[in-house]
Amino acid sequence: MAPSAVRGPAATTVTITGAGGQIGYALLFRIAAGEMLGPDRPVRLRLLEIAQGVRSAEGAALELQDCAFPLLREVDVADDPLAAFDGCDIALLVGARPRGPGMERADLLAANAGIFGPQGAAINAVAADGVRVVAVGNPANTNALIAAASAPDVPADRFTALTRLDHNRALGQLSAALGSPPDEISGLAIWGNHSATQFPDVSHAVVRGEPVIDALAARFGGRDTADAWLDDIFIPRVARRGAEIIDVRGSSSVASAAHAAIEHVRDEQAGTAWTSAAVVSRGEYGIPEGLVCSFPVSSDGGGYRVIEGLPIDDRSRARIDVSVAELVAERDAVRALGVL
Ligand code: NAD
Ligand code: LMR
């Protein structure tokens, strides 16, 4: 059973689906410790699981109580989406079937389409008016699209999908190549789908005020060598990092994914000048309206907005188009399943 409620000031209700799973376990304690919403915001956690996962979520709830987090007001475990999303302010949609060795994320479309529709409908019915939702479970972009389509009364721009992990992966690779700490690098962008077609774009990035492309040219002994490193090493490594982790660990990324999800929500709520997130396209950069596509984004604390007006060269455009074509194909496949 869930620990009993503790009285206290108004708390933010955070619903985590798949809370009994790996990422859920890596998320819950950090959220309860205030790492996502800050040290001044009490939280109420609602953990959604399917029947097989309920005991695991209940165990996590017991451990949460044993941590006696000062900000944690209440923990509930449910296997009913209407109970779990009741009054929800922030939803992290994690529960899904993870990818195994040899599978592409798109293989998961059919398996997961039936999860995110009903959850979107429950959010529509019982969540708080200002609810914000991030899809983590794969295929994340299209799962967010499905959830948004199933919640017609919630503005679509409240639904996002996680590409912050890809952003952080790109930052980690650049940091290692340039020998500069990650916080000295800004202006990176992930475009497109959270999949192997994504485009990690350094063309707007700077390191200590210098264009990253110039720093890479200095590091690799010329612009051609730097371009070859980007094309042959950096982009495929970032885009296929999820598969690399699965290959090495034997299961998909957990702590880095949870960390990225916490940063995604934290920056959306607290504000940021620049990061990457998958948001509902309003036609920016010619990307079809309604697709949940990763862009460079900023937030003033009221939700992510696409950073517009960046120059896009032909090579970048071609890479973006490939990933957007995959998103269109996923959307069409879901339509064919009758879900959208
Ligand atoms: P996991 O198998 O450990 O946990 C998933 C949990 O979801 C399980 O406990 C399961 O019982 C639960 N679940 C399944 N269907 C559910 C439903 N309808 N409602 C509520 N809960 C449900 O998997 P994990 O390692 O925690 O990964 C979760 C998802 O996150 C996977 O889809 C994985 O591919 C994805 N992922 C995304 C990113 C990203 O960057 N977007 C990164 C890593 C993992
Ligand atoms: C990741 O990027 O690590 C996750 O999306 C898991 C996966 O299937 O690659």
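Everything discussed here concerns the structure shown above.
Since we're looking at a predicted model, the values are computed, not measured.

Draft legend 1. Molecular detail of the sheet that holds strand 14 (residues 304-306). The sheet built from nine strands is open, its strands ordered 3-2-1-4-5-6-12-13-14 with mixed pairing. On the outer flanks of this sheet lie strand 3 (72-78) and strand 14, each paired with one strand and no other. Pairwise comparison of adjacent strand axes, ignoring direction, gives a mean angle of 35 degrees for this sheet. Sheet analysis places strand 1 (residues 12-17) next to strand 2 (residues 43-48), joined by six bridges and oriented parallel. Each bridged residue has a counterpart across the sheet, and for T13 the counterpart in strand 2 is R44. Where helix 2 (residues 54-67) meets the sheet, it contacts strand 2 and strand 3, and its direction lies at approximately 165 degrees from that of strand 3.

Draft legend 2. Representation of the environment of L93 within the structure. With respect to the secondary-structure elements, L93 resides in strand 4 (residues 90-93). The sequence separation of L93 and A170 amounts to 77 residues, and the corresponding C-alpha distance is 24 Å.

Draft legend 3. The sheet that holds strand 7 (residues 185-186), seen in detail. Read from one edge to the other, the open sheet built from three strands follows the order 7-10-11, with strand pairing classed as antiparallel. Of all the strands in the sheet, the pair left with one neighbour each is strand 7 and strand 11 (210-211).

Draft legend 4. Summary view of the site of ligand 1. Taken together, the neighbourhood of ligand 1 is formed by 24 residues, with Q22, I23, E49, V136 and N138 sitting nearest. In this structure, a nitrogen atom belonging to ligand 1 sits 3.3 Å away from a main-chain N or O atom of G18. E49 is positioned such that a nitrogen or oxygen atom in its side chain is 2.6 Å from an oxygen atom of ligand 1. Contact with the protein chains covers 87% of the free accessible surface of ligand 1, which is 860 Å². Elements represented by at least two residues in the shell around ligand 1 include exactly helix 1 (22-32) and helix 4 (109-126). When its residues are assigned to classes, the shell around ligand 1 shows eleven nonpolar, eleven polar and two charged.

How each quantity is defined
- Residues numbered from 1 in each chain as written.
- Chains lettered and ligands numbered in written order.
- Predicted model: local features only at pLDDT ≥ 70, side-chain atom pairs only at ≥ 80, totals over all residues.
- Heavy atoms only, no water.
- Pairing = 2+ DSSP bridges.
- Helix = DSSP H or I, 4+ residues; strand = E, 2+ residues; numbered from the N terminus.
- Axes fitted to C-alpha atoms, helices over the stretch in contact; angles between N-to-C directions.
- Contact = heavy atoms within 4.5 Å.
- Near = heavy atom within 4 Å.
- Polar contact = N/O pair within 3.5 Å; in protein donor to acceptor, adjacent residues only side chain to side chain.
- Areas by Shrake-Rupley, 256 points an atom, 1.4 Å probe, with all protein chains shown as cover.
- Nonpolar A, V, L, I, M, F, W, Y, C, P; charged D, E, K, R; others polar.

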